[in-house]
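For reference, the chains in residue letters:
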Amino acid sequence: MDRIIFHIDVNNAFLSWTAIDLLNKGYKYDIRNSYAVIGGDETRRSGIVLAKSTPAKKVGIYTSETLYSARKKCKVLKVYPPNYKLYGEMSQKLFELLSKYSPDIEVASIDECYMDYGKVKNLYGDPIAFAYKLKKEIKETLGFTVNIGIANNKLCAKMASDFSKPDKVHTLFKEEIEEKMYPLKIDELFGIGRKTAPKFHELGIHTIGDLAHTLPDTLFKYFKNQALTYVNMAQGIDESKVISEDSIPDSISNETTLNKDVSNKLELYQSLLALSELVGLRIRRQKKYASVIAVILKDRYFKRRTHQKKIINPTNITDEIYKFSKEIFDEMWDGEPIRLIGVRLDGLTDNLYFQTSLFDNNNRKDQEQIDIVVDNLKEKYGYKIINKAGLVDSKIKHKEWKK
């Protein structure tokens, strides 16, 4: 039976949630209907637009442009500061409402999530009818609107929810992909970053359909192992599951919120190394091995993305965890500044097995023993007693060593 996935996305979340809060406090009008934006520190020319109203959008203001630039386009523009505490509370209310209907909800960011509707379809019936009912309940109960995309996988559900806004329900089932998705520009394919899209245009691949009909082998020299992934995405193929927090009990993860938005790859590598040390320590304490490694990124707009890789030989070796984490990071990062970064180990097992030579097995065993010796030294004498070169300047707090 085909899966049915919902992607639920709050329309203009930061501005909508600020508008609701202001109205509740007695504000005379709804800022969603005025020339308004949510923006950072306006005293700095680097302050940017985080969200904009529909009227502001119509005069050419766009998310991520500087407030200085936005004001030049609209002299009467009003700028409201972000209220992240409020946004967290509103986000929590949304996810609590949705959890009444299904436990299978994967939070993608502060204002969007996936729901595996196929598992509860027998309870609630036709997915399109239910989506309209759910959208109406959110609007009447919480005061803001959402878009809901319905498809047979997460990728297509996300694409569907972006078709047109606000307050809409769209479908992109597998039989609709060629009609609805193929004509779109390659830039609109979810997962294609701002740096990647121009490369496709240079190759004469301008639409999603163009990419869908391209042989992966012809793209390999440009995109390496991502070539097949990109073609599959263009064809609407996505086997990833909806993963709720409760559905990954057998995992080990560490995340860190960075002191500032970071776009320097070497700095982000350094964070990955520190996190690999932490999860490596924890998995070795449990005497387990991981067969899946995942990297978690959250950008300055609170968009959260997770990519994972299944590895042939389960591992608990720090260097291997770091090596795979870097590979995953390189595949998923589009150059946007990062606010939070994390590493997660899944598919934990007590059994160690290899698909390599006996010589390699011994090397791996030796490396595991070296890591264990280092763990013991750090636990006895403190974290700073010995460090990998890349961690000398790391600012990540290593509280795990004290546990």
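Residues numbered from 1 in each chain as written. Predicted model: local features only at pLDDT ≥ 70, side-chain atom pairs only at ≥ 80, totals over all residues. Heavy atoms only, no water.

Detail in the predicted coordinates should be disregarded across regions flagged by low pLDDT. Looking at the protein chain, the pLDDT average stands at 85 and 83% of residues meet or exceed 70. Counted against residues more than four places away or in other chains, residues 356–361, with its pLDDT under 50, gives three contacts. Ignoring residues within four places in sequence, the model shows residues 398–403, a span with pLDDT below 50, making 16 contacts including any to other chains. (pLDDT = per-residue confidence, 0-100. Contact = heavy atoms within 4.5 Å.)

Our next topic: the packing of helix H4 (residues 84–98) against helix H6 (residues 127–142). Packing of H4 against H6 leaves a shortest axis separation of 11 Å and a crossing angle of 140°. Classified by the angle between their axes, H4 and H6 sit oblique to one another. In the crossing of H4 with H6, the sense of the turn from one axis to the other is right-handed. Residue-level inspection shows Met90, Lys93, Leu94, Leu97 and Leu98 of H4 in contact with H6, the latter providing Leu134, Glu137, Ile138, Thr141 and Leu142. Considered class by class, the residues forming the contact of H4 with H6 number seven nonpolar, one polar and two charged. (Axes fitted to C-alpha atoms, helices over the stretch in contact; angles between N-to-C directions. Helix = DSSP H or I, 4+ residues; strand = E, 2+ residues; numbered from the N terminus. Parallel < 35°, antiparallel > 145°, perpendicular 65-115°, else oblique. Left-handed = near helix turned anticlockwise from the far one by under 90°. Nonpolar A, V, L, I, M, F, W, Y, C, P; charged D, E, K, R; others polar.)

With that settled, the discussion passes to the nonpolar core. By size, the foremost hydrophobic cluster in this structure holds 43 residues, and its most contacted members are Phe6, Trp17, Leu98, Leu134 and Phe144. Leucine 98 has contacts with Ile8, Ile105, Cys113, Met115, Leu134 and Ile138, leaving out every residue within four places of it along the chain. Membership of the second largest hydrophobic core comes to 31 residues, among which are Ile177, Tyr182, Leu184 and Ile192. (Core = buried A, V, L, I, M, F, W, Y, C linked by side-chain atoms within 4.5 Å. Buried < 20%, exposed > 50% of the residue type's maximum accessible area, 1.4 Å probe, protein only.)

Look at helix H13 (residues 265–285): 30 Å from first C-alpha to last across 21 residues, which is about the 30 Å you get at 1.5 Å a residue. By the criterion of burial, H13 is predominantly enclosed, with 15 of the 21 residues buried. Looking at where H13 begins, the residue whose side-chain oxygen comes 2.9 Å from the main-chain nitrogen of leucine 266 is asparagine 264. Phi turns positive one or two residues past the end of H13, at lysine 287, with a value near 55°. (Expected span 1.5 Å × (residues − 1). Polar contact = N/O pair within 3.5 Å; in protein donor to acceptor, adjacent residues only side chain to side chain.)

One open sheet accounts for four strands, arranged S9-S12-S10-S11; its pairing is antiparallel. Looking along the sheet, the strands with just one partner apiece sit at the ends: strand S9 (252–262) and strand S11 (304–315). The mean angle between the axes of side-by-side strands here comes to 15°, regardless of whether they run parallel or antiparallel. Sheet analysis places S9 next to strand S12 (residues 338–349), joined by seven bridges and oriented antiparallel. Across the sheet, threonine 257 pairs through a bridge with leucine 340, a residue of S12. Across the sheet, H13 lies against S9, strand S10 (289–299), S11 and S12, angled at about 160° from S9, the strand it touches most. Packing of helix H14 (residues 318–332) onto the sheet brings it into contact with S10, S11 and S12, and relative to S11 it is tilted by some 140°. (Pairing = 2+ DSSP bridges.)

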